[in-house]
Amino acid sequence: MHRFFISPDQFNQDNPVVRGPDVQHMVKVLRLKPGDPVEILDGAGRAARAVIHSLGKDEVTCRKIEEFNPGGEPPLKVILVQGLAKGEKMDLTIQKCTELGVSGIIPTICHRSVVRLEGGKSSEKQVRWQRVAMEAAKQCRRPAVPGVSAPQKLGQVLASIPEGAAAYMPWEDEKNRSLREALPPDSPGTVYIFIGPEGGFESHEVEEARQRGVITVSLGPRILRTETAGPVCVALVMHKWGDLG
Ligand code: SAH
């Protein structure tokens, strides 16, 4: 069954409209016709069966038949706080972590982030990253698309960790505690994972995080690249408390 993401506003309509690049795909590639069945998703976890009503140049109108529970969303909310790294690494991390089930990704400006996003660059990047997440969600048949926020400063992110969430910061200089040892038996429900950029975190950033209740952990004796460390941590917590494995 072909699936399409539409805005939550459109999803609420009886005759939801698909716009954007999907239209061309529906008309030219899939050659959908009125009456053909499709599935529509609002990107936040809701899904409905629908049929094509009419196809135009810029939009396709559907008729909603019934909502259904698409499943496929993990019982654990994981937020990846990813130190801003070079372009292709961010794309890779966002793609892989979407497949693994993250709920959100916060690109984070760290002291050693070499990438500088001046002015409009930041929102341009956010749009691009959000599209990477949507493509990955489509491909892996996830009903929800993780939100990718605009880049934020590490301090801002640390100040916004919600009460009750567990927060871990893999740090290669942590010698006393592995991630395995740090994870309690019961799920905290929400987990924040802080990954440094290519050059890692500065010790004052690690200190600031600890003061905010973030637990520093080791991932083992080998130094993983930043684009490896994020997906690995997400996989490990999803395996323990989520639905992976
Ligand atoms: N500063 C390091 C590399 C940083 S790796 C160096 O150049 O030697 C990028 C990020 O991945 C780190 O900030 C950390 O969050 C995570 N990471 C990679 N390997 C790790 C390990 N073995 N233990 C804990 N964290 C690790």
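Quick caveat, the model's predicted, so the values are computed rather than measured. (Residues numbered from 1 in each chain as written. Predicted model: local features only at pLDDT ≥ 70, side-chain atom pairs only at ≥ 80, totals over all residues. Heavy atoms only, no water.)

## Here we look at the overall build of the chain
Part 1: Helix and strand counts for the chain come out as eight helices and 12 strands.
Part 2: For 245 residues, the compact-globule formula gives about 18 Å, and the C-alpha radius of gyration of the chain, at 20 Å, lands near that figure.
Part 3: Dimensions along the principal axes, computed over C-alpha positions, put the chain at roughly 60 × 40 × 30 Å.
Part 4: For the chain, buried positions account for 47% of its 245 residues.
Part 5: Sequence separation of at least 24 residues holds for 76% of the intrachain contacts in the chain that already meet a minimum separation of 6. (Helix = DSSP H or I, 4+ residues; strand = E, 2+ residues; numbered from the N terminus. Rg over C-alpha atoms; globule rule 2.2 N^0.38 Å. Buried < 20%, exposed > 50% of the residue type's maximum accessible area, 1.4 Å probe, protein only. Contact = heavy atoms within 4.5 Å.)

## Observations concerning the environment of Glu 135
Part 1: Summarising the element assignment, Glu 135 is placed in helix H4 (residues 121-139).
Part 2: Accessibility expressed as a relative area gives 42% for Glu 135, which makes it partly exposed.
Part 3: Distance from Glu 135 to Lys 153, taken between C-alpha atoms, is 26 Å for residues 18 residues apart in sequence.

## Quick word on the sheet that holds strand E1 (residues 3-5)
Part 1: A sheet is described by the order of its strands in space; here five strands give the open sequence E1-E3-E4-E5-E2, paired in mixed fashion. Each edge of the sheet is formed by a strand with only one pairing partner; in this case those strands are E1 and strand E2 (17-19). Each adjacent strand pair in this sheet contributes to an overall mean axis angle of 45°, direction not counted.
Part 2: In this structure, strand E3 (residues 37-41) lies alongside strand E4 (residues 47-55), joined through five bridges in antiparallel fashion. If you follow Leu 41 over to E4, its bridge partner there is Ala 47.
Part 3: Along the sheet, helix H2 (residues 21-29) contacts E1, E2, E4 and strand E5 (59-68); its crossing angle with E2, the most-contacted strand, is approximately 105°. (Pairing = 2+ DSSP bridges. Axes fitted to C-alpha atoms, helices over the stretch in contact; angles between N-to-C directions.)

## Concerning the site of the ligand
Part 1: Residues in close proximity to the ligand total 19 residues, the closest being Pro 170, Glu 172, Leu 219, Arg 222 and Leu 224.
Part 2: Measuring from a nitrogen atom of the ligand, one finds a side-chain N or O atom of Glu 172 at 3.0 Å.
Part 3: Notes on the ligand: free accessible area 550 Å², of which the protein chains cover 84%.
Part 4: Looking at the shell around the ligand residue by residue, the classes come out as 10 nonpolar, six polar and three charged. (Near = heavy atom within 4 Å. Polar contact = N/O pair within 3.5 Å; in protein donor to acceptor, adjacent residues only side chain to side chain. Areas by Shrake-Rupley, 256 points an atom, 1.4 Å probe, with all protein chains shown as cover. Nonpolar A, V, L, I, M, F, W, Y, C, P; charged D, E, K, R; others polar.)

## Some details on the packing of aromatic side chains
Part 1: Per the counting criterion, the structure on display carries zero aromatic pairs.
Part 2: Just above the ring of Phe 68 sits the side chain of Arg 49; from NZ or CZ to the centre is 4.4 Å.
Part 3: Above the face of the Phe 11 ring, Lys 64 is positioned so that its terminal group lies 4.5 Å from the ring centre. (Phe/Tyr/Trp six-rings, centres within 6.5 Å; stacked < 30°, edge-to-face > 60°. Lys NZ or Arg CZ within 6 Å of the ring centre and 35° of its normal.)

## With respect to the environment of Pro 143
Part 1: Examined against the element boundaries, Pro 143 turns out to sit in the loop between H4 and strand E8 (147-148).
Part 2: Setting aside anything within four residues of it in sequence, one finds Pro 143 in contact with Phe 5, Leu 41, Gly 43, Ala 44, Gly 45, Pro 70, Gly 71, Gly 72 and Glu 73.

## Quick notes on the domain arrangement of the chain
Part 1: Domain assignment breaks the chain into domain 1 (3-68) and domain 2 (77-241).
Part 2: Summarising the inter-unit geometry, the C-alpha centres of domain 1 and domain 2 are found 33 Å apart.
Part 3: The interface of domain 1 with domain 2 comprises seven residues on the first partner and eight residues on the second.
Part 4: For the pair domain 1 and domain 2, the summed buried surface comes to about 650 Å²; carbon and sulfur atoms form 57% of the total.
Part 5: Sorting the residues of domain 1 by area buried against domain 2 places Arg 3, Phe 5 and Gly 43 first, and these three jointly supply 72% of that buried surface.
Part 6: Taken together, the links from domain 1 to domain 2 amount to one salt bridge.
Part 7: For Lys 138, the salt bridge identified is with Asp 22, shortest N-O distance 3.0 Å.
Part 8: The residue makeup of the side of domain 1 that touches domain 2, split by class, is three nonpolar, two polar and two charged. (Domains from an automatic or database assignment. Buried area = accessible area lost by both parts, 1.4 Å probe. Salt bridge = Lys/Arg side-chain N within 4 Å of Asp/Glu carboxyl O.)

## Side note on the nonpolar core
Part 1: One finds Val 78, Leu 80, Tyr 168, Ile 193, Val 234 and Val 237 to be the most contacted residues of the largest nonpolar core, which totals 38 residues.
Part 2: Put simply, the parts of the chain that give this core at least two residues each are strand E6 (77-83), helix H3 (87-100), H4, strand E10 (166-170), helix H6 (179-182), strand E11 (190-195) and helix H8 (226-241).
Part 3: It is H8 that contributes the most residues to this core, six residues altogether.
Part 4: Of the residues that make up this core, three or more belong to each of domain 1 (3-68) and domain 2 (77-241).
Part 5: The contact partners of Ile 193, leaving out residues within four places of it in the chain, are Val 78, Ile 79, Leu 80, Val 81, Tyr 168, Pro 170, Cys 233, Val 234 and Val 237.
Part 6: Judged by nonpolar contacts, the second largest core, of 18 residues, contains Leu 154, Ala 167, Phe 194 and Ala 209. (Core = buried A, V, L, I, M, F, W, Y, C linked by side-chain atoms within 4.5 Å.)

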